[in-house]
Each structure stands twice: as C-alpha cells, then as structure tokens.
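Descriptive structure summary
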Amino acid sequence: MMEDCATSMSAPHGCNDDKVVIDSFKEALTGRVGAERFRMWFAHGVTIAVDSGVSAESADASVSVKAPQGSAPQGSAPQGSAPQGSAPQRLITLSVRGQFALDRLRQNFIREIRGAAMQACGGRTEIVLRLDEPAATQAQLPLTDDESSKPVAEDASISGNPPTQSETSDTPSQTPPSSSQQRRRTPQKSARGRTQSITAYLGGGSGPQRSGQDRDLRIDQAEQLEFPGLKAKGGKGTAAASPTTPAQSPNRADRDTSQKASARQDQAQAGGTEDIKRRPTVANFVAGTSNQLAYTAMSMVCQDPKTASPIFFCGPTGTGKTHLMSAIADQLRRRHRMRRVMHLSAEQFTNDFISSVGNSGITAFRRRYREVDALLIDDVQFLGAKKATLREMLYTVETLASEGRPLLFSGLQAPSEIAGLSHELAGRMASGLVCPIQPLDIDIRREILERWIAERCPLGVSAGLLDQINPMLAGDGRVVSGLVNMINTLQRMFGRVPSLDEIRQFGGNLLRASTPIATLSVIETAVCDAFHLPHHTLRGQAQTRAVTGPRMLAMYLARQLTASAYSEIATHFGGKSHSTAISAENNVKKWLASGKSIGRGQLAMSTREAVIRVENLLRSG
C-alpha cells in the first residue's frame, strides 16, 4: 500500500506505479478544483494512499464513495471483486485530519475526487474518505527519584486498588477488558519504566508519610497545572508542618516560577483585552448626528443580514466606513455563524483578479467570490475606469444578489457620483440602501477624544483642555487619532499633561486640518465635480441656471475658505467687478436660510447639501 501526504511524497522501493497513480490523481484533482482550492483543502492535513488488488468489502461502507454504476459494463462482477483476467481494482484512501475538513470534502468535492480517480486509475477504482485521528496518549505525571524507585507492587498497594491479573501474572485473562476499561486500569509509567498512581502523586491516601517540602512541591505543581480542588488553605499542603522546620519549608524556586507564569498569563490576558478594545466592533462605534443613518443600517444588517442588500456607505475619509464594515463582518461571523464572510478592499479585489487572469485561474477566482456567504468591499472608487474588473464585479454582485447573499460597499462618493463606474454596476449598488456619512461632528469628536485618551495616555486630560482642543479638530477620525498619539508622546516627554500652547506648537498641523486647504482653482474643480460640470465651465460667460447657481456657490465658498479679496474672486470666475462676488455671497446666504435648491434636473440639490458635498470633496482631495 502506497501512502502519500499532499505536502510531501515518499515512495518506498517497489511502489513506483502507485506513486505515479498518486501524482496523476493529484494532477487531475488540481485541474478539476483549481490550484487555490487544492492548496486550501488537500495540501495540508490530507494523506493519500493507494492500494491495488483489494476488494470493496474491505472499505468502510459508511465513508466510501462508490464509482458510478456506468463505470463497469453490464454483466461484470460485483464491485470490489475483480473478474478473472481483468486488472486488479485500486483503492484510493484519503485520510483527513479534522471532522470539519472531512465533512467539507464529502459535501463539496465528491464528484471531483471520483472523476480524478477515474481519470488517474480507470473505471475500477474505489474512493474512501476517512477521519485520521491521532492515537490518544496519556500525559506523564512528574515523578521524584524516591517515587520512581519504588517497586510496582508497592505503588499498587499505595493507591488502594488491588493489583490486576496482568500485574500479578504473565497469563492473560480469559475475557480481555475493553479499551476504555484498559485505559482506566493501566497504571501510568514514569520515565524510568516504573508505575506511579494518582494518589501517590498527590501525596494523599494511606501511603507512607512524606516530608513537608515534598508535599508542598506537589501542591504547587498541581496549582500550576490548574488541577481543581487541590489548593489548600494558605497555599500549602494538607499536612504541611511548621514553617520553622527547614526540611518542611516550601520550595521558593517553584513558587517564583508559578508567580512568573501567573504574571505572564495576566499580561497576555491584558494584551488580549486591549486588542479587543481597539478592534472595530459594534460596541466601540460612536454614533451621532453625522452617521445616524449608517448606524441604523448597521443595526438592521446585524439583526437580519438580508435587509436592504446591497448597502452602500459613502462619505469622506476618516468617518468610520471601514469600522462599520469590519463590525458588520464580525457580527455576521459570530452571531449568524457565517463561515465565508469576505471583507477586502477594491484594490485587493482588482489585484486578485489580475493575478487570476495572468495565471489562468479565472474559474477559481469566480468560485472564490461567488460562493461566499457575504461580500464586503471598501473603497469602491478604486474600480473606476477598470473595464474588465468592473465587468467581473458586476457579474459577481448580480450572482450574489440573486441568491440573497448580503452585499455591502463603501466609497468616498455615492455610486452614481463615482467617476468611471459603469451605469449597470452603479445602479446595482444603489438599488438597496445608500447611507451618506458626514464628517464627525463636535459631539462625536469629544467622545472619541475622551475614549482614546483614556486608553492610550498614561495621564488624564482635563475636560477644559478637551473643550479647547475639540473645536480645532477636523471631522476626520484619523486626525483625532494622530492628535491623541501626539498628546501621549508629549506626556511622556514632559512627564506631565501638556498645555494648549505646547499642543499647538508640536501638533499645529493636525489642528489646522479642520479647515480644508483650498485655493480658487481647487474650489472650482470641486464644485464642477459636485454638479458634474466640465472643468473651467464656471469661468465662462454662460448664464443658464445649471451654471449660475454653482458659480455663485463657488464664489461664496471661496470667500469663506480663502483669504482672497472680492475683486480677485470675481475676476477668477469671469466677473467684471467685485460687486459680482458680493452679490453671489449674499444670494447663497439667503438660499441657505430658505433651503433653495441649486442646479437643474437630477443634479439639483439643496444649498446646504451642496455646501457639505463640496467640503467633503475638498477634504478627500
């Protein structure tokens, strides 16, 4: 019988034919399931064995996979018994480690395994999938020199159990015990070949009295191994003598080792707690006015994953889109027991697609993304103008949507506003629920500041100082995180809480980020992008409603975000005098108060919405 592990092959002498069969079987199976799935399910933990000339009766019927009835001609001998003059039947056995992997292979790969076996060996082949369980071993208990030197009979008498027949005589018993009874009756052997009972190890029972030092050492070792019920009062043995006796004092080295191990365990638990706090979850997401719709959508998806799918989160950078996606993916895995939840960025999807096309693995790529339980993709704007990737993404989204799988996306703009995104894909992504997210408002920033300073900074920061810092910050969570790290560093550098002037001195660039850095040309480009107008349109002399409203808005924002004079603003946007810019600013202020819309047709939006959209474009670049 020839055995081969999928990761490394070794063929003994005289088994070259079986080795060729295994290689052919693996090559055929790789071609059927794809190289990626073969490496995932068959390259590790699966041992392949081939045996020639065996009957099907020797295989386990509960796990065997019979060849199809059409593989043998009519009138042939029953399966498993080769007729005279015919080639012997081959048996291919796949030993799989782990019940989960075995179940997955039975459910998803039976047809491919059978086809690969018939391709490698012919029609007379039987496939057997079985669970490869390692033999159970019993842990060796630590022994001392005086215990290991005791004879077997003495240990048996100490444990309080009569010796079994196998211990007193070389003649085997008439009725051999079962495997479980044999494991219970078999005494444990030490490294020197002696037996040792549990009672002797614990220092109890009717055995001879031992020294107090030996008893304390046993109890300390038992506590370190977390044996329940072995800890006595004061942390010492049950029969410990007076601590004044030198021979009965506890072993200091073992106690120090136990304390160090406990300290390391506490540090590991503390580190795990910190990782849980910093991991994006539903519990540590800060909700407020700027992200209320997105937070409600996240709650709906966590309760029912099929609600309003697909869901698209859109907003500038640093507003918590990736946090929302990661929290939803975590809930889908833990709460709804979805095993195949794929969360990645659009760049990773594109790179994987390009790699699959270059390696002729497009079939495996499509299986990988179209057989998931949920698909979550960040930064969809990266897909713009990539025709092949957009086409593959469209087919993937349509396949998963038709099967009712949850779909979630995020981007800087709404699907219809992303440049280069196909109309079909944008319509599919917008068919569920589009959740705009605004920059973090002052209340959210304050709560995030308090939480992160408490987690990262060794010294607390007063509420008054936070009230002074908060209005200077931008609505970008990454900027808030950078400022908290700056305060942490300054506290360690000065050994105290830094003042506002010191924070401005070292972190002024973070505080100045609250206002978008804009020029007249940048504002013009952002307004044109918001209303889907060709660039330099606002500099012309067109007086249509689709142009005059955005032009006045650009003049208003230029006055608010730059230090340019009225005359300079009017000249840049095609005006004749400074009165044009003054009139535009007054008109936009009236529009903001009355809620008047700007633009024409589908591009029309309220003045306040237009201002927010242009500012988001300025922040996101």
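Below, the structure is looked at part by part. (Residues numbered from 1 in each chain as written. Predicted model: local features only at pLDDT ≥ 70, side-chain atom pairs only at ≥ 80, totals over all residues. Heavy atoms only, no water.)

1. Re the overall build of the protein chain
Where we set the bar: Runs of H or I in DSSP of at least four residues are treated as helices and runs of E of at least two as strands, each being numbered from the N terminus. Here's how the labels work: a residue is buried when its accessible area is under 20% of the maximum for its type, exposed when over 50%, partly exposed in between, all with a 1.4 Å probe on protein chains only. Contacts: residue pairs with any heavy atoms within 4.5 Å of one another. Here the open area of atoms and residues is found with the Shrake-Rupley method and a 1.4 Å probe, where only the protein chains shown may cover a residue.
Regarding its fold elements, the protein chain presents 26 helices and 14 strands. Looking at the 621 residues of the protein chain, the share that counts as buried comes to 40%. Of the contacts formed within the protein chain by residues at least 6 apart in sequence, a portion of 72% connects residues at least 24 apart. Accessible surface computed for the protein chain: about 33,400 Å², of which carbon and sulfur atoms make up 50%.

2. Focus on the environment of methionine 393
Position of methionine 393 among the secondary structure elements: in helix H16 (residues 387–402). Taking relative accessible area as the criterion, methionine 393 reaches 0% and is therefore assigned buried. Setting aside its immediate chain neighbours within four residues, methionine 393 contacts Phe349, Ile377, Leu383, Phe409, Leu425 and Met429.

3. Here's the deal with the sheet that holds strand E12 (residues 433–436)
Under the convention used in this document: Strand pairing is assigned whenever DSSP identifies at least 2 bridges connecting the two strands. Between the N-to-C directions of two axes lies an angle of 0 to 180 degrees, each axis being a line fitted to C-alpha atoms and, for a helix, fitted only over the stretch in contact.
Spatially, five strands are ordered E9-E10-E11-E8-E12 in an open sheet, and the strand pairing comes out parallel. In this open sheet, the two edge strands, each paired with only one partner strand, are strand E9 (341–345) and E12. For this sheet, the mean inter-axis angle between neighbouring strands, taken without regard to orientation, is 10 degrees. With four bridges connecting them, strand E8 (residues 311–314) and strand E11 (residues 407–411) associate as parallel partners.

4. Some thoughts on the pairing of E9
Counted residue by residue, E9 has four buried out of five residues, so it is predominantly covered. In the sheet, E9 pairs with strand E10 (residues 374–378) via five bridges, with the strands oriented parallel. In the sheet register, histidine 343 faces E10, and the bridge partner there is leucine 376.

5. Considerations on the pairing of strand E4 (residues 90–96)
Side chains on a regular strand alternate between the two faces of the sheet. Within E4, seven of the seven residues are buried, which leaves the element mostly enclosed by the surrounding structure. Taking every second residue as pointing to the same face, both faces of E4 are buried, with Arg90, Ile92, Leu94 and Val96 on one and Leu91, Thr93 and Ser95 on the other. With seven bridges joining them, E4 and strand E5 (residues 125–131) adopt parallel strand pairing. Paired with leucine 94 across the strands is leucine 129, a residue of E5.

6. Some words on unusual backbone geometry
For the bond from serine 309 to proline 310, the omega torsion is 0 degrees, close enough to zero to count as cis. Looking at the secondary structure, you find proline 310 in the loop between helix H12 (292–303) and E8. Positive phi values are uncommon outside glycine, yet alanine 308 reaches one of about 55 degrees. Along the chain, alanine 308 falls in the loop between H12 and E8.

7. What to know about the packing of aromatic side chains
We describe a pair of aromatic rings using the distance from one ring centre to the other and the angle between the two ring planes. For the record, the criterion: Pairs were defined over the aromatic rings of Phe, Tyr and Trp, the Trp ring being its six-membered one, requiring ring centres within 6.5 Å. Orientation was assigned from the angle between planes: stacked under 30 degrees, edge-to-face over 60, tilted for the rest. Geometrically, a lysine NZ or arginine CZ counts as sitting over a ring once it is within 6 Å of the ring centre and also within 35 degrees of the ring normal.
By the definition in use, this model includes nine aromatic pairs. Both rings, one in phenylalanine 38 and one in phenylalanine 42, keep their centres 5.6 Å apart while their planes meet at 20 degrees; by these two values the pair is stacked. The burial state of phenylalanine 38 is the same as that of phenylalanine 42; both residues are buried. Three or more aromatic residues link up through ring pairs in this structure, and these residues are Phe38, Trp41, Phe42 and Phe109. Lying across the ring of tryptophan 452, arginine 456 places its NZ or CZ 4.7 Å from the centre. Against the face of tyrosine 566 rests arginine 559, its NZ or CZ located 3.9 Å from the ring centre.

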